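Tertiary structure, described
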Amino acid sequence: MDTLSTREKNNTIILTTGLFDLLKDQIRRKKLSPFNESQLVEQLKYAKQVLRNEIPANVVDVNTKVQLLDLDTQTEFTKLFVGPHKARNKNGTTSIISPLGMALIGFTEGEEITWEMDGQRKNYQILKVRSC
């Protein structure tokens, strides 16, 4: 399942300019698998950049708690995404530029995403997004 085939190209991800630049930097530094890089390049072509206070409440962003469904295992789990320098396993927080964070950033509740992690493609659905 290709991320862009499950969504129309005019249904863009929503990001702040800072996060847009952070994601572009990940591409520039070649930090992603070829599949993930091509996914992210395509998503950024159609991304809508907004001010932090204009991010809708149902969009995955920094300081959001996201309830997910792993579509491959039908397992539900929750992640709290924070900035890269604030992420700590002991606090139960995950960096927004972790593989899962980059897969989900800018997407809204209900959307399905495919992202490569540890050499295999994983499929997720965003069930709920809450600001923290």
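Residues numbered from 1 in each chain as written. Predicted model: local features only at pLDDT ≥ 70, side-chain atom pairs only at ≥ 80, totals over all residues. Heavy atoms only, no water.

Turning our attention to the pairing of strand β6 (residues 112-117). With 6 bridges joining them, β6 and strand β7 (residues 120-131) adopt antiparallel strand pairing. Across the sheet, the residue bridging to E116 is R121, located in β7. A loop of 2 residues connects β6 with β7, the two strands running antiparallel in sequence, and D118 in this loop sits at a positive phi of about 50 degrees. (Pairing = 2+ DSSP bridges. Helix = DSSP H or I, 4+ residues; strand = E, 2+ residues; numbered from the N terminus.)

The strand order across the open sheet formed by 5 strands is β5-β4-β3-β7-β6, and the pairing between neighbours is mixed. A single partner strand is all that each edge strand has here, and the edge strands are β5 (93-95) and β6. Going across the sheet, the axis of each strand differs from the next one's by a mean of 45 degrees, ignoring polarity. As defined by bridge partners, strand β4 (residues 75-82) adjoins β5 across 3 bridges and the pair is classed as parallel. Paired with F81 across the strands is T94, a residue of β5. Strands β6 and β7 of the sheet are contacted by helix α2 (residues 34-45), whose axis makes an angle of about 140 degrees with β6. (Axes fitted to C-alpha atoms, helices over the stretch in contact; angles between N-to-C directions. Contact = heavy atoms within 4.5 Å.)

Next up on the list: unusual backbone geometry. Non-glycine residue N63 carries a positive phi angle of around 60 degrees. The backbone of Q74 shows a phi angle near 60 degrees, a positive value even though the residue is not glycine. Tracing the backbone through its elements, the reader meets Q74 in the loop between β3 (64-70) and β4.

Between helix α1 (residues 17-28) and α2, the least distance of the axes is 10 Å, while the angle of their chain directions is 145 degrees. As α1 packs across α2, the resulting crossing turns out to be left-handed. From α1, F20, L23, K24 and I27 reach across to α2, where they touch E37, L40, V41 and L44. Its residues assigned to classes, the contact of α1 with α2 shows 6 nonpolar, no polar and 2 charged. (Left-handed = near helix turned anticlockwise from the far one by under 90°. Nonpolar A, V, L, I, M, F, W, Y, C, P; charged D, E, K, R; others polar.)

Under the 1.5 Å per step criterion, the end-to-end length of α1 is 16 Å for 12 residues, consistent within 8% with the ideal 16 Å. Three or more residues of α1 are buried, namely L19, F20, L23, D25, Q26 and I27. Contacts from the buried residues of α1 go to β1 (14-16), α2, β2 (48-50) and α3 (99-104). Backbone geometry just after α1 places K30 at a positive phi near 60 degrees. (Expected span 1.5 Å × (residues − 1). Buried < 20%, exposed > 50% of the residue type's maximum accessible area, 1.4 Å probe, protein only.)

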